[in-house]
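In case you want the letters, here they are:
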Amino acid sequence: MLLIGPFSQILPMSGLPLKGPLQDEQLPVITQGGIVVTDGVITDMGRFAALRLQYPQSEVHFIDKPMVLLPGFIDCHTHICYDGTRNRDYAMRVAGKSYLEIARAGGGIWDSVLKTRMADDVTLAENTVARANRHLKEGVTTIEVKSGYGLDMVSEMKMLQAIQSASLHTQATLIPTCLAAHMLPKDFPGTETEYLNRVLAELLPVVQAEQLAARVDIFIEETAFTPQAARSFLDKAIAMGFAATVHADQFSTGGSEVAVAAGALSADHLEASTDKEITQLAHSGTAAVVLPGASLGLGMPFAPARRLLDEGASLVIASDWNPGSAPMGDLLLQAAVLSAAQKLSVAETLAALTVRAAPVLQLRQTGELGLHYAADMQAYPSGDYRDLLYYQGKMKPAMVWKKGVMIS
């Protein structure tokens, strides 16, 4: 048994509604608090002085500086399993070339596909571990990781196996997602329907049998898959037992409507969403995942986060860490910038990184601090939780714990 504290403030992120606007006054705050951890799980929490008297035999980790404690962040949308960079794409983009012009010149997703196909599984696993560990040190204790830079049966399996291997070599929790439906491969000799049917018939049964992923994703866009083909794919994958998420409304609409109709856990991107899509999402059980890193990388407007919240949606913020549109991978910085741009309260922003992100990955006992919850925690060198966004992501956690074990 370990008692950790005293913390200037503990933000459990508990008892908050999972949809709609939040005010900072709704945040529960424990001052001069402590956390009791047993076998990686929180077994008590409250005022530190009272906990010391209640657990006199416990090992004590004294916090002797002002610190704010909150749950570890959950990044529910990343592409951190890849090889190579797309710095050429970025240079072309800031020089004024469009997304389609870059793709026609040999850039875009296909460039990462070719580089990732050439990499061996050891390299891919090592790359994933390195990125996951950087995220972990910055307070992100749970990370979704997509395939999708393989786009053939062998290479997609290689990516998912690399993610599985990486999960054994990092303390972060990695949640794999099969994104074989990232785009129609340029070297596939058939239609989008034929490709998706091959994924359903040949890849997903093996992924399921080998327990490489329990989630699928599909990119619905003019440069990827049509809403009609995507809906059929999602229905069949869900019938097989997979949970689903969707790359939706990034450059054009149609994707979020499919996500809602299919009962997907989330619709991700949403930069192009209009009032119609915002209302549909708000009145559904599908979370709205916004990716400010992609907007920063592509130089395009942010998703309408404020409007989504005001309509009653469940807003989640993720990094979209990938080699093309979002290479930065700094989740807190991106969230802070989005918060300032769209006037999201501190409560709304922190909830979007913790308690509201957990259901997107079907996580229980994670995303908040409470009895029987995993002791996935981070502490910032401040006496006031508002500093996390005030410093716009520059303040990083001084301490991170995964299942009660401090990350060195």
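Structure shown above.
Parameters at a glance
- Residues numbered from 1 in each chain as written.
- Predicted model: local features only at pLDDT ≥ 70, side-chain atom pairs only at ≥ 80, totals over all residues.
- Heavy atoms only, no water.
- Helix = DSSP H or I, 4+ residues; strand = E, 2+ residues; numbered from the N terminus.
- Buried < 20%, exposed > 50% of the residue type's maximum accessible area, 1.4 Å probe, protein only.
- Areas by Shrake-Rupley, 256 points an atom, 1.4 Å probe, with all protein chains shown as cover.
- Lys, Arg positive; Asp, Glu negative; His and termini not counted.
- Charge placed at Lys NZ, Arg CZ, Asp CG, Glu CD.
- 1 Å grid on protein atoms, 1.4 Å probe; cavity = no way out; pocket = protein on both sides within 12 Å on 5 of 7 lines; lining within 4 Å.
- Points joined across faces, edges and corners; volume = space filled by probe spheres on them.
- Nonpolar A, V, L, I, M, F, W, Y, C, P; charged D, E, K, R; others polar.
- Contact = heavy atoms within 4.5 Å.
- Core = buried A, V, L, I, M, F, W, Y, C linked by side-chain atoms within 4.5 Å.
- Salt bridge = Lys/Arg side-chain N within 4 Å of Asp/Glu carboxyl O.
- Axes fitted to C-alpha atoms, helices over the stretch in contact; angles between N-to-C directions.
- Parallel < 35°, antiparallel > 145°, perpendicular 65-115°, else oblique.

(A) Just the overall build of the chain, in detail. Counting its secondary structure elements, the chain contains 15 helices and 16 strands. Viewed in the frame of its principal axes, the chain has a C-alpha envelope of about 70 × 45 × 45 Å. Each of the 408 residues in the chain was classed as buried or not, and the buried ones make up 60%. About 15600 Å² of surface is accessible on the chain, with carbon and sulfur atoms providing 54% of the total. Looking at the chain, you have 32 positive and 42 negative side-chain charges, and the mean spots of the two groups are 3 Å apart.

(B) Broad picture of empty space enclosed by the protein. Summed over the entire model, instances satisfying the criterion amount to 2 cavities of 30 Å³ or more. Computed from the structure, the largest cavity encloses a volume of approximately 200 Å³. Taken together, 20 residues form the lining of the largest cavity, with R86, Y99, I109, N322 and S325 sitting closest to its centre. For the lining of the largest cavity, the elements supplying multiple residues, two or more each, are α2 (87–94) and α3 (99–104). Ranked by residue count, the leading element in the lining of the largest cavity is α3, at 3 residues. For the lining of the largest cavity, a count of residues per class yields 6 nonpolar, 10 polar and 4 charged. Empty space within the second largest cavity amounts to approximately 40 Å³.

(C) The arrangement of helix α4 (residues 109–118) in detail. Most of α4 is tucked away: 7 of the 10 residues are buried. Listed in full, the buried residues belonging to α4 are I109, W110, D111, S112, V113, T116 and R117. Those residues of α4 that are buried lie in contact with α2, α3, α5 (121–137), α6 (153–167) and β9 (215–219).

(D) The arrangement of the nonpolar core in detail. Formed by 102 residues in total, the largest nonpolar core has its most connected members in F73, Y195, L204, I218, F233, L308 and I317. If we skip the residues at most four places from it in the chain, F73 touches E138, G139, V140, T141, T142, L331, L332, L350, L353, T354, Q378 and Y380. Membership of the second largest hydrophobic core comes to 16 residues, among which are L2, I63, L69 and A375.

(E) Inspection of the pattern of salt bridges at higher detail. For the structure shown, the criterion picks out 17 salt bridges. The salt bridge involving K146 is made with E144; its shortest N-O contact spans 2.7 Å. When sorted by exposure, K146 lands in the same class as E144, which is buried. A salt bridge links R231 to D235, with the nearest nitrogen and oxygen atoms 3.0 Å apart. Of the two residues, R231 and D235 are both situated in helix α8 (residues 227–240); the distance of 4 residues between them amounts to about one turn of the helix. Here the residues in one salt-bridge network are E144, K146, R215 and D217, joined through shared partners.

(F) Quick look at the packing of α4 against α6. Taken N-terminus to C-terminus, the directions of α4 and α6 make an angle of 75°; their axes are 10 Å apart at the nearest point. Judged by the angle between their axes, α4 and α6 are roughly perpendicular. Contacts between α4 and α6 involve T116, R117 and M118 from the first element and S155, K158 and M159 from the second. The class makeup of the residues in the contact of α4 with α6 is 2 nonpolar, 2 polar and 2 charged.

(G) Expanded view of the environment of V360. Relative to the helices and strands, V360 resides in the loop between α14 (346–353) and β14 (377–380). Taking the C-alpha atoms as reference points, V360 and A303, separated by 57 residues in sequence, lie 18 Å from one another.

(H) Layout of the environment of P56. As for its placement among the helices and strands, P56 is situated in the loop between α1 (48–54) and β4 (59–62). The sequence separation of P56 and A180 amounts to 124 residues, and the corresponding C-alpha distance is 54 Å.

(I) Highlighting the layout of surface pockets. Considering only enclosed or pocket space, the largest pocket measures out at about 210 Å³ in volume. Every residue lining the largest pocket is listed: R93, K97, S98, Y99, L100, E221, E222, T223, F251, S252, L298 and M300. A breakdown of the residues in the lining of the largest pocket according to their chemical character gives 5 nonpolar, 3 polar and 4 charged.

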